[in-house]
Amino acid sequence: AIEPLSQEYDPVLIALTRQISPRFNECELTHLDRQPIDLDLARTQHSQYEAALRALGCEVISLPAEPDLPDSVFVEDVALVFDEVAIITRPGADSRKPETAAIARALQPYRTLRSIQAPGTIDGGDVLCVGQTVYVGLSSRSNRAGVEQTQEYLAPYGYTVKGVEVTGCLHLKSAVTQVSADTLLINPARVDRSVFGEMRFVEVDEGEPSAANAVWIDDAVIYPAGFPKTQRRLEEAGVHLRIVEATEVAKAEGAVTCCSLIFRGA
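Cut-off values and rules
- Residues numbered from 1 in each chain as written.
- Predicted model: local features only at pLDDT ≥ 70, side-chain atom pairs only at ≥ 80, totals over all residues.
- Heavy atoms only, no water.
- Helix = DSSP H or I, 4+ residues; strand = E, 2+ residues; numbered from the N terminus.
- Rg over C-alpha atoms; globule rule 2.2 N^0.38 Å.
- Buried < 20%, exposed > 50% of the residue type's maximum accessible area, 1.4 Å probe, protein only.
- Contact = heavy atoms within 4.5 Å.
- Areas by Shrake-Rupley, 256 points an atom, 1.4 Å probe, with all protein chains shown as cover.
- pLDDT = per-residue confidence, 0-100.
- Pairing = 2+ DSSP bridges.
- Core = buried A, V, L, I, M, F, W, Y, C linked by side-chain atoms within 4.5 Å.
- Polar contact = N/O pair within 3.5 Å; in protein donor to acceptor, adjacent residues only side chain to side chain.
- Arc of directions from axis to C-beta.

Overview of the overall build of the chain
So, point 1. On a plain count of helices and strands, the chain comes out with five helices and 15 strands.
So, point 2. Relative to the 2.2 N^0.38 estimate, which gives 18 Å for 266 residues, the radius of gyration of the chain is 17 Å and therefore close to what a compact globule would have.
So, point 3. Counting every position in the chain, which comprises 266 residues, the buried fraction comes to 55%.
So, point 4. Across the chain, the fraction of contacts at a sequence separation of at least 24, relative to all contacts at a separation of at least 6, is 68%.
So, point 5. A total accessible area of about 11600 Å² is found for the chain, and carbon and sulfur atoms account for 47% of it.

Describing the confidence of the model for the chain
So, point 1. Residue-level pLDDT values for the chain average 94, and 96% of them are 70 or greater.
So, point 2. Contacts of residues 1–8 to residues separated by more than four positions or lying in other chains number 10 contacts, the stretch itself having pLDDT below 50.

As for the pairing of strand β15 (residues 261–264)
So, point 1. In β15, alternate side chains face the same way, and those of L261 and F263 are buried while those of I262 and R264 on the opposite face are not.
So, point 2. Of the pairings in the sheet, the one linking strand β1 (residues 13–18) to β15 comprises four bridges and is antiparallel in character. Each residue of the ladder has a partner; that of L13, found in β15, is R264.

Points about the nonpolar core
So, point 1. Ranked by internal contacts, the top residues of the largest apolar core, which has 27 residues, are F24, Y49, L53, F74, I217, I222 and V256.
So, point 2. Elements that contribute at least two residues to this core include exactly β1, α1 (39–55), β2 (58–63), β12 (215–217) and β13 (220–224).
So, point 3. In this structure, V134, L138, V147 and Y153 belong to the second largest nonpolar core, which totals 16 residues.

Topic: unusual backbone geometry
What is expected of a backbone is that most residues other than glycine have negative phi and most peptide bonds are trans.
So, point 1. Cis geometry marks the peptide bond from A118 to P119; its omega dihedral reads 10 degrees.
So, point 2. Tracing the backbone shows P119 in the loop between β5 (113–115) and β6 (127–130).
So, point 3. The backbone phi angle of D218 is positive, close to 55 degrees, even though this residue is not glycine.
So, point 4. One can find D218 in the loop between β12 and β13.
So, point 5. The class for D218 is partly exposed, based on a relative accessible area of 44%.
So, point 6. Backbone geometry at E253 places phi at a positive 60 degrees, although glycine is not the residue there.
So, point 7. Locating E253 in the fold gives a position in the loop between α5 (247–251) and β15.

A few points about the environment of R34
So, point 1. Tracing the backbone through its elements, the reader meets R34 in the loop between β1 and α1.
So, point 2. Residue classification places R34 among the partly exposed positions, given a relative accessible area of 49%.
So, point 3. Distance in space between the C-alpha atoms of R34 and P91 is 21 Å, their sequence separation being 57 residues.
So, point 4. Beyond its immediate chain neighbours, meaning those up to four positions away, R34 contacts N25, E26, C27 and L29.
So, point 5. Within the structure, R34 has its side chain in polar contact with the backbone oxygen of N25 (distance 2.9 Å).

Considering helix α3 (residues 144–154)
So, point 1. Listed in full, the buried residues belonging to α3 are G146, V147, Q149, T150, Y153 and L154. End-on, the buried residues of α3 take up no more than an arc of 165 degrees, which puts them together on one face. Pointing more than 90 degrees away from the buried face of α3 are the exposed residues R144, E148 and E152.
So, point 2. Next to the buried residues of α3 lie β3 (79–81), β4 (86–88), β5, β7 (133–138) and β8 (160–165).
So, point 3. For α3, the N-terminal capping position is held by N143, with its side-chain oxygen 3.3 Å away from the main-chain nitrogen of A145.

So this is what it looks like as structure tokens:
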């Protein structure tokens, strides 16, 4: 068995990212109509996002762009990284399956790797880990076979994996993300809050249905500009926010969690 990371020291926090593909405008879309993406602005915003990660203590490992993989900036979808093991996913969109190879190579120095196999599919955007409970959205991109394989890989380390129904959005983390040790940011129209037990909740404003995606790093949260009412609710709940612009990844059904894999180095 792989021993958990020691609690006696604080290993470096790593954020794995990948640069914007020149074919970003050919991204997969499920729930949104296609809009032109400004590649220069997308790259500027991504650079600012990486700067926010560094400001919150992450060592950013930025992989080069993948010219033939339009969605490859969304590295979160192709791996699940836990303290004990990393799982290379099998993305639900066929065009995204080739994204896994480079991410597996980047993670190999840090973790033992496992892989989701057919017929299982999982996008990392559907996976929310709260303590030892791993919630997996049952979406157009992630299926029950993927959930079962994830449970098999994680059971030896004490995790429980639960499938969660989502409605009207691409991924589970389009509907709910963690913003503190005991608090979830949630759109209750997209996912049933009762499945998450005794957590505290901050609900998005009804007029900002896409406002539930945030990146929690220690005592701060990276949060996209453009959702002022929900931002106010988070601030009133005592959440410390670092605001970034994310207009261009949003056009590709992406958000702030999608663009990094954050984990403790050994």
